[in-house]
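Inside the fold
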Amino acid sequence: MSLHQTPNGFQLDNGGRRIVVDPVTRIEGHMRCEVNVDSNNIIRNAVSTGTMWRGLEVILKGRDPRDAWAFVERICGVCTGCHALASVRAVENALGIDIPHNAYLIREIMAKVLQIHDHIVHFYHLHALDWVNPVNALKADPKATSALQQMVSPSHPNSSPGYFRDVQTRLKQFVESGQLGIFKNGYWGNPAYQLSPEADLMAVTHYLEALDFQKNIVKVHTIFGGKNPHPNYMVGGVPCAINIDGDMAAGAPLNMERLNFVQARLQEALAFTVNVYIPDVIAIASFYKGWLYGGGLSAKNVMDYGDYAKVKGDKSTDKLPGGVILNGNWNEVFPIDPADPEQVQEFVQHSWYKYPDEAKGLHPWDGVTEPHYELGAKAVGTKTNIQALDEEAKYSWIKSPRWRGHAVEVGPLARYIIAYAKGVDFVKNQVDTSLAAFNKLAGTNLTPKQALPSTIGRTLARALECQYAAEMALDDYNALIANIRNGDSSTANIEKWDPKTWPKEAKGYGTVAAPRGALGHWIRIKDGKIENYQCVVPTTWNGSPRDPKGNIGAFEASLLGTPMARPEEPVEILRTLHSFDPCLACSTHVMSEDGADLTTVTVR
């Protein structure tokens, strides 16, 4: 299929058009998306591209394994901490290090706080504006908005007409000044927006409330990890001592004052999620009841590693199990083993890398990261000014991971489909209750298998997982307090800290249920140094280009069949891509080919 440039983009031989979105905004990192739309403006083909080179594996080679977490944690400032956790788990797995139970619980609390923070920020500040029109909120009746909130979220205390009128006045000042600020550059006149003015005002109000919420929940990371972003971790446990009878002046990181603060933030998180976040998603979804697009691979193939280890006292290990579902068969969930070279493999036939044999995939323990940037023969433009990509050739800096050769979707939706299919009561109750509320508001009768594999279902799964994370973090907190009161204050195991105690060669892996999906780090250690290190992150799975068999990744699959109201205003493309919360900073990293500094910044 050839392209012909026109003033409105590229014309296709079949009469359709190619629409280019570059960069895709409101995500972490650099991403490009090209779609082909037919004469009815329905997407028939999609090409997803990561536009920076990944180089962290090269940086880590030859370094001390105990330091790896500090490097890989800086892959991203949004999903901060999950890479550090995967890294220390990989090293501990390789060296046979068991961590104290307190350390496990503290790590779990930190991971779930990240989950809570990330999901709420994702919906309100990165994704909601794909559904919500803040300009339309100026037409709302504050009294009717109050009635709407009291119907969908009666437990939220801020619901008076005066409260919504004040927010509307602030918004009006934004608009009349000509400076929309955080709401600038939206396609606010696009008919793809379907909320009532009252629903728009309610959502914008909660957008502002979420700004205040998110700055407080991350303080939990500063208590356990010293700072946020990039809290501190350590191989063998966590770098904070426990002295519940101490005071802050004595320098004890964990005393009862600080632990009580943690408990209060977790309780606030659960209340905000149950009273605001989940009701908002259900209410907004009811206005888009006919927009069940964007399912893609989630209707067929989903995967997650599941809980890392079954530890006594942590109830969450019973809630979100791992596994793989293929071909939409919810009656069979395949077990997953990250150490099995036949299960997890990465391909590069359509990625800007070199392999000895590009028709074969490599398990991460044997992974190769050798850049090879070249455009295909059918690409339009130059290496520094690409106008249209050639998907038959190499077209992305993201590799193509596959499970036993299958492209899969990962993320909260994948986890919830797997858990629902395996009959996990906690998840089934959440999904069934939420879907019943949606069906009542929308006047529909959708089943989980109809509703979940969609853009809306993907967004709902994140909200439900936020509730899960808050409840399980409180369970972990209670287990931690009980363990401390029983006299256990240990937070680190340093028996194998000295490299002299290590074997000459070792390999290990660490997995984490990261906010965006299945995260895995694999390490090979030789003579006390890192011989090879590979990260396969959620956006690598979801944002992967085609593999040698032509299988497309989750981003590309999710866009197919989606109708667009105005292709030149790609609300529908952004709506579905944002539902994954792409993190291109995780899946693609930048450094020069010779490892030299790219720039130097002097701070005075």
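This is a predicted model, so every value here is computed, not measured.

Moving on: the overall build of the protein. Broken down by element type, the protein carries 17 helices and 14 strands. Per-residue burial over the protein gives 59% buried out of 604 residues. In the protein, 73% of the contacts between residues at least 6 apart in sequence involve partners at least 24 apart. Element-wise, carbon and sulfur atoms account for 49% of the exposed surface of the protein, whose accessible area totals about 23500 Å².

Further remarks concern the confidence of the model for the protein. Averaged over every residue, the pLDDT of the protein is 90; residues scoring 70 or more account for 90%. Predicted confidence for residues 589–604 stays below pLDDT 50, and this span has 17 contacts to residues more than four positions away or in other chains.

Let us look at the pairing of strand β13 (residues 517–526). On a regular strand, each side chain points to the face opposite its neighbour's, so the side chains alternate between the two faces of the sheet. With eight of 10 residues buried, β13 lies mostly within the body of the structure. Across 10 bridges, the pairing between strand β12 (residues 505–514) and β13 is antiparallel. Its bridge partner being in β13, Ala514 is matched across the sheet by Gly517. Between the end of β12 and the start of β13, which pair antiparallel, lie two residues. Bridge analysis of β13 against strand β14 (residues 529–536) gives seven bridges, and the strand direction is antiparallel. What sits directly across from Gly520, in β14, is Val536. Counting the residues between successive antiparallel strands, the hairpin from β13 to β14 contains two residues, one of them, Asp527, with a positive phi of roughly 55°.

Structurally, Phe287 can be placed in helix α9 (residues 256–287). Relative accessible area serves as the criterion here: at 28%, Phe287 is assigned to the partly exposed category. Between the alpha carbons of Phe287 and Gln194 there is a distance of 6.3 Å; along the sequence they are 93 residues apart. Non-local contacts of Phe287, meaning those with residues more than four positions away in its chain, are made with Gln194, Leu195, Ser196 and Ala199.

The subject of this paragraph is the side chain of Ser159. Its location among the elements puts Ser159 in the loop between α5 (142–152) and α6 (161–176). Among residues more than four places away in sequence, those in contact with Ser159 are Ser146, Gln149, Gln150 and Phe164.

Let us look at the pattern of salt bridges. Tallied over the full model, the rule gives 29 salt bridges. Here Asp476 and Lys112 are joined by a salt bridge, their closest N and O atoms 2.5 Å apart. Of this pair, Asp476 sits in helix α13 (residues 455–485) while Lys112 sits in helix α4 (residues 101–127), and the two are 364 residues apart along the sequence. Residue Asp476 shares its accessibility class with Lys112, and that shared class is buried. Across the salt bridge formed by Arg462 and Asp581, the nearest N and O atoms sit 3.4 Å from each other. You can see Arg462 sitting in helix α13 and its partner Asp581 sitting in the loop between α16 (571–579) and α17 (584–587), a full 119 residues away along the chain. A relative accessible area of 2% means that Asp581 is categorised as buried. Salt bridges here are not isolated pairs; linked through shared partners, they connect Arg18, Asp22, Arg32, Glu34 and Glu391.

Each neighbour pair has its own omega, and for Asp22 with Pro23 the value is 5°, a cis peptide bond. Tracing the backbone through its elements, the reader meets Pro23 in the loop between β3 (17–21) and β4 (31–37). With an omega dihedral of 5°, the bond running from Asn228 to Pro229 counts as a cis peptide bond. Positionally, Pro229 belongs in the loop between α8 (219–225) and α9. Unusually for a residue other than glycine, Asn327 sits at a positive phi of about 60°. Examined against the element boundaries, Asn327 turns out to sit in the loop between β7 (323–325) and β8 (344–347). Overall, the relative accessible area of 63% leaves Asn327 in the exposed class. Even without being glycine, Asp527 reaches a positive phi, approximately 55°. Turning to its location among the elements, Asp527 is positioned in the loop between β13 and β14.

Contact pair α5 / helix α7 (residues 197–217): the axes reach a minimum separation of 9 Å and the direction vectors enclose 70°. The orientation of α5 relative to α7 falls into the category roughly perpendicular. Of the residues in α7, those touching α5 at Pro142, Ala144, Thr145, Leu148, Gln149 and Val152 are Glu198, Ala199, Leu201, Met202 and His206.

Here is what the cut-offs are and how they apply
- Residues numbered from 1 in each chain as written.
- Predicted model: local features only at pLDDT ≥ 70, side-chain atom pairs only at ≥ 80, totals over all residues.
- Heavy atoms only, no water.
- Helix = DSSP H or I, 4+ residues; strand = E, 2+ residues; numbered from the N terminus.
- Buried < 20%, exposed > 50% of the residue type's maximum accessible area, 1.4 Å probe, protein only.
- Contact = heavy atoms within 4.5 Å.
- Areas by Shrake-Rupley, 256 points an atom, 1.4 Å probe, with all protein chains shown as cover.
- pLDDT = per-residue confidence, 0-100.
- Pairing = 2+ DSSP bridges.
- Salt bridge = Lys/Arg side-chain N within 4 Å of Asp/Glu carboxyl O.
- Axes fitted to C-alpha atoms, helices over the stretch in contact; angles between N-to-C directions.
- Parallel < 35°, antiparallel > 145°, perpendicular 65-115°, else oblique.

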